[in-house]
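The chain contents come next:
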Amino acid sequence: MKTVYVVCASGIATSTLMRVKIERFLEERGIEVKVLQYRVTEISPERTRADAIVATTEIDKAFEEVAPVINGVSLITGIGQKATLEELARVLTENDKEK
């Protein structure tokens with residue numbers, strides 16, 4: 001099972017919306033995923049154990065060395081949402097192919 005962090009400024013409404021969209025999209029594609037919601041101030045690169053991070057706010061560049069970071073603003077605006085979700089699915093399944 002893959003783990004995805006969704007990160008926003010408050011860790012409540014925006015990340016909940018992203019979580020629901022991500023779970024539905026990946027479930028339809030048969031990708032098992034656990035989606036965890038966080039405020040940007042709650043996470044650190046040293047403690048991150050995610051296969052991907054979807055963020056609607058700027059996060060420290062150090063996270064990019066831990067997991068792929070995907071801009072999640074489209075999941076809120078709806079503009080480019082499908083491309084963002086497909087990028088996330090690709091990132092999660094590419095990790096499987098590398099093993």
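Our subject is the structure that appears above.
Report follows, based on the coordinates. (Residues numbered from 1 in each chain as written. Predicted model: local features only at pLDDT ≥ 70, side-chain atom pairs only at ≥ 80, totals over all residues. Heavy atoms only, no water.)

Helix and strand counts for the protein stand at three helices and four strands. From first element to last, N terminus to C terminus, the protein shows the α and β order β-α-β-β-β-α-α. Scaling as 2.2 N^0.38, a compact globule of 99 residues should have a C-alpha radius of gyration of about 13 Å, and the protein matches this with 12 Å. Taking contacts inside the protein between residues at least 6 apart in sequence as the whole, the part at least 24 apart equals 62%. Of the roughly 5,900 Å² that the protein leaves accessible, carbon and sulfur atoms contribute 47%. Between the centroid of the 14 positive side chains of the protein and the centroid of its 16 negative side chains there is a distance of 4 Å. (Helix = DSSP H or I, 4+ residues; strand = E, 2+ residues; numbered from the N terminus. Rg over C-alpha atoms; globule rule 2.2 N^0.38 Å. Contact = heavy atoms within 4.5 Å. Areas by Shrake-Rupley, 256 points an atom, 1.4 Å probe, with all protein chains shown as cover. Lys, Arg positive; Asp, Glu negative; His and termini not counted. Charge placed at Lys NZ, Arg CZ, Asp CG, Glu CD.)

In this structure, Val4, Ile22, Leu26, Val54, Leu88 and Leu92 are the most contacted members of the largest nonpolar core, which totals 18 residues. Counting residues per element, the ones that place at least two in this core are β1 (2–8), α1 (13–28), β2 (33–39), β3 (52–55) and α3 (81–98). The leading source of residues in this core is α3, at five residues. (Core = buried A, V, L, I, M, F, W, Y, C linked by side-chain atoms within 4.5 Å. Buried < 20%, exposed > 50% of the residue type's maximum accessible area, 1.4 Å probe, protein only.)

Just geometry here; none of it tells us what the structure is for.
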